[in-house]
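Each chain, written out:
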Amino acid sequence: MGFPIDSKVLGLREVIKVNEKERYSIPIYQRPYSWEEKNIKDFLESIFDAFKEVNEIKSETNAKPVFFGTIQLDLNKDDNTLDIVDGQQRLTTFMLFLDLLQRNEKHPKEYIDCSMVIKSEKLKEVLNDDNIKNTSSKYYENRKLLKKEVEHFEKEFKDKNEFYTELKNFVLDNVYFVQLITEEMDLSEVVSVFNTINTTGLDLNATDIFKVRYYNYLRGIDNTKDWLKEINSCYQSIDDSNEKLGKDGRTDQTKFDMGWVLDIYKHIICAEFGWGFSEVSKSNQKFFDELFKGTGLTEQSDLSVLEFDTFKQIVDGFIDYWRWIENVRYNGEHPEIAKEIFSIYLVEKTRYKRYWTIPFVVAYFRAKGRDDWSDYYIDSLKVNMYMFRFFLIYTVVNDRVINPVQNKVCDECFKWFKECNTGEIIGKIKSLLWSPVRSKDDKPKEDFDKIIKSGLFYNASRVHLVCTLSALLDEVANLGKSFICQENEIVISEQEIYEKFFHYAIYEKNKNPYDIEHIQARNNFSDNSDEFNGIGNLVVLDSHINKSIQDDAVSEKITEYKNSQYAAVRIEFMKEYESCRDWDIECVGKRADEEIDKIKRFMDEE
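Small disclaimer: the values here were computed from a predicted structure and weren't measured.

Draft legend 1. Summary view of the overall build of the chain. Within the chain one finds 27 helices and 10 strands. Taken over 606 residues, the chain has a buried fraction of 55%. Total accessible area on the chain stands at roughly 28,100 Å², and carbon and sulfur atoms take up 45% of it.

Draft legend 2. Structural view of the pattern of salt bridges. Under the counting rule described, the total for this entry stands at 36 salt bridges. Salt-bridge contacts for Glu-37 lead to Lys-41; the nearest nitrogen and oxygen are separated by 2.9 Å. Within this pair, Glu-37 and its partner Lys-41 are both found in helix H2 (residues 37-57), separated by 4 residues, close to a single helical turn. For Glu-475, the salt bridge goes to Lys-500, with nearest N and O atoms at 2.9 Å. With Glu-475 in helix H20 (residues 460-477) and Lys-500 in helix H21 (residues 494-501), this residue pair connects regions lying 25 residues apart in the sequence. Since its relative accessible area comes to 2%, Lys-500 is described here as buried. Residues joined by salt bridges that share partners form a network here, namely Asp-474, Glu-576, Arg-591, Glu-595 and Lys-598.

Draft legend 3. Main features of unusual backbone geometry. Phi at Trp-434 is positive, roughly 70°, even though this residue is not glycine. Secondary-structure assignment places Trp-434 in the loop between helix H18 (422-432) and helix H19 (444-453). Of note in the backbone geometry, Trp-583 takes a positive phi value of approximately 45° without being a glycine. Tracing the backbone through its elements, the reader meets Trp-583 in the loop between helix H26 (567-578) and helix H27 (585-604). We classify Trp-583 as buried; its relative accessible area is 1%.

Draft legend 4. Quick look at the packing of aromatic side chains. Applying the stated criterion across every chain yields a total of 67 aromatic pairs. With a centroid separation of 6.3 Å and an interplanar angle of 45°, the aromatic rings of Phe-68 and Phe-177 are classed as tilted. Taken together, the residues Phe-68 in strand S3 (residues 66-76) and Phe-177 in strand S6 (residues 175-183) connect sequence positions 109 residues apart. Here the two residues Phe-68 and Phe-177 agree in accessibility, since each one is buried. The cationic tip of Lys-211 hangs over the ring face of Tyr-235; the distance from NZ or CZ to the ring centre is 4.0 Å. Over the face of the ring belonging to Tyr-330 we find Arg-250, whose NZ or CZ atom lies 4.0 Å from the ring centre.

Draft legend 5. Broad picture of the side chain of Asn-478. With respect to the element layout, Asn-478 can be found in the loop between H20 and strand S7 (482-485). In this structure, Asn-478 is in contact with Ile-492, Ala-567, Ile-571 and Glu-572, ignoring residues within four places of it in sequence.

Draft legend 6. Focus on the pairing of strand S4 (residues 81-86). Counting buried positions along S4 yields 6 of 6 residues, so the element is predominantly enclosed. Bridging between strand S2 (residues 24-25) and S4 involves 2 bridges; their strand directions are parallel. Residue Ser-25 lies in a different strand from S4, and its bridge partner there is Asp-83. Sheet topology note: the S3/S4 ladder contains 5 bridges and is antiparallel. Paired with Asp-74 across the two strands is Asp-83, which belongs to S4. Between S3 and S4, which pair antiparallel and follow one another directly, the connecting turn spans 4 residues, one of which, Asn-80, has a positive phi of 60°.

Draft legend 7. Structural context of a negative patch on the surface. Together, Asp-226, Glu-230, Asp-302, Glu-307, Asp-309, Asp-320, Asp-371 and Asp-372 make up a region of like negative charge exposed at the surface. Assignment of secondary structure puts Asp-371 in the loop between helix H15 (358-366) and helix H16 (377-397).

Draft legend 8. Structural view of the packing of helix H25 (residues 554-561) against H26. Where H25 contacts H26, the two axes come as close as 11 Å, and the packing angle between them is 150°. Viewed along their axes, H25 and H26 adopt a mutual orientation that is roughly antiparallel. Crossing hand, H25 versus H26: left-handed. Across from Val-554, Ser-555, Ile-558 and Tyr-561 in H25, the residues of H26 making contact are Val-569, Arg-570, Phe-573, Met-574 and Tyr-577. In terms of residue class, the contact of H25 with H26 is built from 7 nonpolar, 1 polar and 1 charged.

Draft legend 9. Here's a closer look at the state of the cysteines. Scanning the entire structure with this criterion turns up 1 disulfide. Paired through a disulfide, Cys-580 and Cys-587 show a sulfur-sulfur distance of 1.7 Å. Across the S-S bond of Cys-580 and Cys-587 the torsion is about -95°, and the bridge reads as left-handed. Cys-587 sits in the buried class, given a relative accessible area of 5%. In this model Cys-410 remains outside any disulfide bridge; the closest cysteine sulfur is found in Cys-270, 7.1 Å from its own.

Draft legend 10. Quick peek at H20. Compared with the 26 Å implied by 1.5 Å per residue over 18 residues, the 26 Å span of H20 between its first and last C-alpha is a close match. Taking burial as the measure, the 18 residues of H20 include 14 buried ones, the bulk of the element.

Draft legend 11. Representation of the side chain of Asn-546 in the model. Here Asn-546 shows up in helix H24 (residues 543-549). With sequence-adjacent residues up to four places away left out, Asn-546 is seen in contact with Asp-515, Glu-517 and Leu-541.

Draft legend 12. Quick look at the confidence of the model for the chain. Summing up the model confidence of the chain, the mean pLDDT is 87 and the portion of residues at 70 or higher is 89%. Overall, residues 199-203 carries pLDDT values under 50, and its contacts beyond four positions in sequence, including any with other chains, amount to 9 contacts.

Draft legend 13. Local environment of the nonpolar core. Grouped together as the largest cluster of nonpolar side chains are 146 residues, with contacts concentrated most on Phe-311 and Phe-417. Considering every element that reaches this core, the biggest residue donor is H16, with 14 residues. Not counting chain neighbours up to four residues away, the residues in contact with Phe-417 comprise Ile-358, Val-361, Val-362, Phe-365, Val-383, Met-387, Ile-425 and Ile-429. One finds Val-54, Leu-91, Leu-96 and Phe-97 within the second-largest nonpolar core, a separate group that totals 53 residues.

Draft legend 14. Expanded view of H26. For H26, built from 12 residues, the straight-helix expectation of 16 Å at 1.5 Å per residue is met to within 8% by its first-to-last C-alpha distance of 16 Å. Here H26 lies mainly inside the structure; 9 of its 12 residues are buried. Along H26, the positions that sit buried rather than exposed are Ala-567, Ala-568, Val-569, Ile-571, Glu-572, Phe-573, Met-574, Glu-576 and Tyr-577.

Each value, and the rule that gives it
- By convention here, each chain's residues receive numbers from 1 onward along its written sequence.
- In view of the model being predicted, local features appear only for residues whose pLDDT reaches at least 70, and side-chain atom pairs are presented and counted only at 80 or more, with totals across whole chains, interfaces and linings using the full set of residues.
- For side-chain calculations, the full set of non-hydrogen atoms in the structure is used, while hydrogens and water are omitted.
- In this text, helices come from DSSP runs of H or I with a minimum length of four residues, and strands from runs of E with a minimum of two, each type numbered from the N-terminal end.
- The classification of residues rests on relative accessible area computed with a 1.4 Å probe and restricted to protein chains. Under 20% of the type maximum is buried, over 50% is exposed, and intermediate values are partly exposed.
- Each accessible area is a Shrake-Rupley estimate made with a 1.4 Å probe; only the visible protein chains count as cover when residues are assessed.
- A pairing counts as a salt bridge when a side-chain nitrogen of Lys or Arg comes within 4 Å of a carboxyl oxygen of Asp or Glu.
- Pairs were defined over the aromatic rings of Phe, Tyr and Trp, the Trp ring being its six-membered one, requiring ring centres within 6.5 Å. Orientation was assigned from the angle between planes: stacked under 30 degrees, edge-to-face over 60, tilted for the rest.
- Two limits define a charge over a ring: the Lys NZ or Arg CZ must be within 6 Å of the ring centre, and within 35 degrees of the ring normal.
- Contacts are assigned to residue pairs with any non-hydrogen atoms lying within 4.5 Å of each other.
- Note: two strands are recorded as paired if DSSP finds a minimum of 2 bridges between them.
- Two distance rules govern patches: like charges are joined within 9 Å, and nonpolar side chains (Val, Leu, Ile, Met, Phe, Trp, Tyr) within 5 Å, applied only to residues with over 30% relative accessible area and no salt bridge.
- Under the counting rule used here, the positive set is Lys and Arg, the negative set is Asp and Glu, and His together with the chain ends is not counted.
- One atom stands in for each charge, and that atom is NZ of Lys, CZ of Arg, CG of Asp or CD of Glu.
- The angle between two axes is taken between their N-to-C directions and runs from 0 to 180 degrees, where each axis is a line fitted to C-alpha atoms and a helix contributes only its stretch in contact.
- Angles are sorted into four bins: roughly parallel if under 35 degrees, roughly antiparallel if over 145, roughly perpendicular if 65 to 115, and oblique for all others.
- A crossing counts as left-handed when the near helix is turned anticlockwise from the far one by less than a right angle, and as right-handed when that turn is clockwise.
- Under this grouping Gly is polar, as are all residues other than the nonpolar Ala, Val, Leu, Ile, Met, Phe, Trp, Tyr, Cys and Pro and the charged Asp, Glu, Lys and Arg.
- Only a pair of cysteine sulfur atoms within 2.5 Å qualifies as a disulfide here.
- Every helix has an expected span of 1.5 Å times one less than the residues it contains.
- Per-residue confidence from the predictor is reported as pLDDT, which spans 0 to 100.
- By convention a nonpolar core is built from buried Ala, Val, Leu, Ile, Met, Phe, Trp, Tyr and Cys residues, the set being connected through side-chain atoms within 4.5 Å.

Put into structure tokens, the structure is as follows:
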């Protein structure tokens, strides 16, 4: 047998000319159809630009081919289908597009049954449904978007009575692909071909590759089970959790994907095997690729962490734990951990955000051997808050990530998570606080205080982290209290704090829903400018207020400060201003000392 890959250049008309006995199918390791609006618009732009060019020169014989990349297929001899390894998103969109054009043809001469090209019940349902208003899936959503964009484009061709037929024929005759078909190759070899050829990275990602690698690993141990079906059930459980979001009008819940779980799984494996930062620092795709293909596993006497039951427990444990965090925050059920509930988001604001996984890693090891992690939710969040304190120190005293901190986490902390009880873990982390991790950090505590007091604003990561922490502490201190903000009463709760600081719907649009405000505007500094750039003169402030007051004098800003939704401004600063209205260097120094004392109390809390 020769090289088992058949390749040829085919037009779209030939690509979709498959019969019932040889149809395209979407393999179980592929992600669902997920193209976003930008993908759809880029897709249509390529087609519309070429179609306009043909009509401008009024000669179809001079039409330039529109190349839509590579489609990789794998022949499945069991049912004579062609698995779409690469190209699912593009082929699916072409089926939706052709169906739309056919629905609008005035005098159709050729009909293509798009529902017969790809074996997909969800796609078939959409293609057979006239109700384009249904937006419950990406298929419906993109079908509606395609209709809108094509109708807009049609306006440029008012003189064409057969616009839809001409556009359909143009697409069928001028869109080309390079089609690759593999046959009798192992699944991992098929993916390897994809990785070698694919340059877009659009159709497979680390979670897809993990599914294939893990499947081959489990099959090598026990080939009697349908492991792809088992693994896919874990992916489905994540989708099911996301599908339930938004009930009862809630908008605070987060969609997550298997990538989040793989972050946690990687750290658990590294802790279990005693692997250090060199492994933790690898991307998920590289880590799991090398894990299942390399020789590292032969050195391990206990591989139970790689058993499917363990993986499934981690997936289910993560889903339950994350939703518990959201529910506790929403309902305010555990005021005793009001700060700790935000520890994950705070870690993500440090330079060491890759370790957002820590509470889940701790919960896994503390509950090892049990399916239910819930007894250790609160304990693991307390551990995480101490880890945040450690990351806070070295985010402040260093201008960038330093590997000695990461080596401490991987070489020591991971070992504690695996072997120690909660009290012992916290005790050991506390011993790390203020202890130098390298020789040049001989006085981290003094450096920490000095940087916060003077020149904090000079580093964006540092100033946002410290000011967010300070403001968060003010919010927690005022839990249950109410104040009037722009004629609305705000009652400070855990959920209200989350909305103001960490809500992802806001966070994605504008990185932070607030600015860091110089109380005394920088343009008004005379001397001692370093202290005016320190914590004594900085506060979080609603972005719209910050833009409106610009460089006004403090006495003029106060009116707008009273409209702030942040307790740090509306409550705490207003108390300070009552006794220090000049807001000179003495006022700044006094507030800096108070802010540093507040953070020290937080650092020393039991």
